[in-house]
Amino acid sequence: MTRIALFQMTSGIDPEGNAEAIVGAVGGAAMGGAKMLFTPEMSGLIDRDRSRATPHVVPEAQSIVLAKVCEAAAGAGIWVVLGSLPVLREDGRWANRCFVIDAQGEVAARYDKIHMFDVDLATGESWRESNAYAPGEHVVTVETPAGLLGLAICYDLRFPALFEALGRAKCDLISIPAAFTVPTGAAHWHLMQRARAVEASAFVVAAAQVGKHQDGRETYGHSLVVDPWGDVVLDMGGAESGLGFAELDPARTAAVRAQLPSLANKRPITT
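Remember, predicted model here, so these are calculated numbers, not experimental data.

Participant: What am I meant to see in the overall build of the protein here?
Facilitator: Along its length, the protein carries seven helices and 16 strands. Here the C-alpha radius of gyration of the protein, 17 Å, is about what a compact globule of 271 residues would show, namely 18 Å. For the protein, the C-alpha atoms occupy an extent of roughly 50 × 45 × 35 Å along the three principal directions. Burial status across the protein gives 55% buried among its 271 residues. A sequence separation of at least 24 residues applies to 68% of the contacts in the protein between residues at least 6 apart. For the protein, the accessible surface area stands at approximately 11600 Å², while carbon and sulfur atoms represent 52% of it. For the protein, the centre of its 23 positive side-chain charges and the centre of its 31 negative side-chain charges are spaced 5 Å apart.

Participant: Help me understand helix α4 (residues 160-168), please; the structure alone is not making it clear to me.
Facilitator: Every α-helical turn comprises 3.6 residues, leaving residues that sit three or four positions apart pointing alike. Buried within α4 we find Leu162, Phe163, Ala165, Leu166 and Gly167. Looking at the packing, one finds that the buried side of α4 touches β5 (107-112), β8 (141-144), β9 (147-151), β10 (173-175), α5 (182-200) and α7 (262-265). Lysine 170 sits one or two residues past α4 and shows a positive phi near 60°.

Participant: Help me understand the packing of helix α1 (residues 15-31) against helix α3 (residues 64-76), please; the structure alone is not making it clear to me.
Facilitator: Any two packed helices are characterised by how steeply their axes cross, that is the angle between the axes, and by the distance between the axes. Axis separation between α1 and α3 bottoms out at 9 Å; the angle between their running directions is 15°. With respect to α3, the axis of α1 lies roughly parallel. Relative to α3, the crossing made by α1 is right-handed. Only Ile64, Val65, Lys68, Val69, Ala72, Ala73 and Ala76 of α3 make contact with α1, whose side of the interface consists of Pro15, Glu16, Ala19, Ile22, Val23, Val26 and Ala30. Classifying every residue of the contact of α1 with α3 gives twelve nonpolar, no polar and two charged.

Participant: Honestly, the packing of aromatic side chains in this entry has me stumped. Any pointers?
Facilitator: One pair of aromatic rings is described through two measures. These are the centre distance and the angle between the planes. Throughout the structure, instances matching the rule amount to three aromatic pairs. Arranged with centres 5.4 Å apart and planes meeting at 80°, the rings of tryptophan 94 and tyrosine 133 form a pair that is edge-to-face. Here tryptophan 94, found in strand β4 (residues 94-101), pairs with tyrosine 133, found in the loop between β7 (126-128) and β8; they are 39 residues apart in sequence, far enough to count as distant. The pair formed by tryptophan 94 and tyrosine 133 is uniform in burial state, with each residue classed as buried.

Participant: Could you clarify how one ought to interpret the environment of lysine 68 in this entry?
Facilitator: The topology assignment puts lysine 68 in helix α3. Excluding residues that lie within four positions of it along the chain, lysine 68 makes contacts with Glu16, Ala19 and Val23.

Participant: I'm lost on the side chain of arginine 97 in this one. Help?
Facilitator: Note that arginine 97 resides in strand β4. According to the relative accessible area criterion, arginine 97 is buried, its value standing at 14%. Here the side chain of arginine 97 touches glutamate 60 through a polar contact of 2.9 Å, side chain to side chain. Beyond its immediate stretch of four places on either side in the chain, arginine 97 contacts Glu60, Leu82, Gly83, Ser84, Leu85, Val87, Arg89, Arg110, Tyr111, Asp112 and Ile153.

Cut-offs used in this document
Residues numbered from 1 in each chain as written. Predicted model: local features only at pLDDT ≥ 70, side-chain atom pairs only at ≥ 80, totals over all residues. Heavy atoms only, no water. Helix = DSSP H or I, 4+ residues; strand = E, 2+ residues; numbered from the N terminus. Rg over C-alpha atoms; globule rule 2.2 N^0.38 Å. Buried < 20%, exposed > 50% of the residue type's maximum accessible area, 1.4 Å probe, protein only. Contact = heavy atoms within 4.5 Å. Areas by Shrake-Rupley, 256 points an atom, 1.4 Å probe, with all protein chains shown as cover. Lys, Arg positive; Asp, Glu negative; His and termini not counted. Charge placed at Lys NZ, Arg CZ, Asp CG, Glu CD. Axes fitted to C-alpha atoms, helices over the stretch in contact; angles between N-to-C directions. Parallel < 35°, antiparallel > 145°, perpendicular 65-115°, else oblique. Left-handed = near helix turned anticlockwise from the far one by under 90°. Nonpolar A, V, L, I, M, F, W, Y, C, P; charged D, E, K, R; others polar. Phe/Tyr/Trp six-rings, centres within 6.5 Å; stacked < 30°, edge-to-face > 60°. Polar contact = N/O pair within 3.5 Å; in protein donor to acceptor, adjacent residues only side chain to side chain.

Note that every value here comes from positions in space, so none of it alone points to a role or purpose.
Quick look at the structure:
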C-alpha cells in the first residue's frame, strides 16, 4: 500500500503566495504519512490576463515555485507531482509543464501538456490556450514509490490516444492534474476520469483547482482518486481547498487486470 496526498488548490496571480501554499501542503502531506503529493494544473500561477502574467512566466531554472517545492520535497523526504507550471521555453513560447520531483528534491521527469484547450463554451466562456502555449510532443512515464506513473494534464483527458499509449506502457497510476471549468466539470469530470482508469486498468490521481480565483475564473474542484475498476476512492468536493489522502493498493491493480485482461486482449485496429 502506498499512501498519497492530493492538494486541492485555489491558485492565484502571485507565484510566491502559491509556492507558500504548496510548501505548506508538502509538510502536511508528509505529516499525514504520504509518500507522494499531487498538486493541480497551474499550481504556481492562474492568471488569464497574459500581460500581467508574462513577468511571472520564466525559464524553469528561474522558477521560484519550482525551486521552493524542490527544497520542500527534499526537506520532507517525499515525492511531489507538481501538476503544472507555466514555463518560458527557449523559443519564446510558453509550456504548460508538469514536474515530478523525487524525495531528494531532484526533477525526475517533465511532461509538457500535449492538447491545447481552444474552445468556445455555450456559457460564453472562450479559451485559447494555443495563443500563448506550445503543445508538448512526448508521452512520459516515470518510476515512483507508487509504481510506474504516466503523466497527462487537464484537457489531455479527452484524447484517448494518449491513454492508449499509457495503457500499453502498463502504468500503475496516471496523474491528470486539472483546472476544469465548472460547466465542463459538471458534465464530464467524473465520467471521463473513471473511464480513463478503466481503460488503462490503473489508478487515476486527479488533483484539481477549485473555487473562485483572483483572475475571475471559477474551477470545478472534485479532486479524485479512481481505482482500476473505476470506483471512486476519494472525491474532495467542489467547495474548498485542502489536503486529501488515499491508499493505492497494487493488489487491486493486479486483481483487476487478472479479472478483466483488456490490456492483454488489445488488438490493432485497421481501417
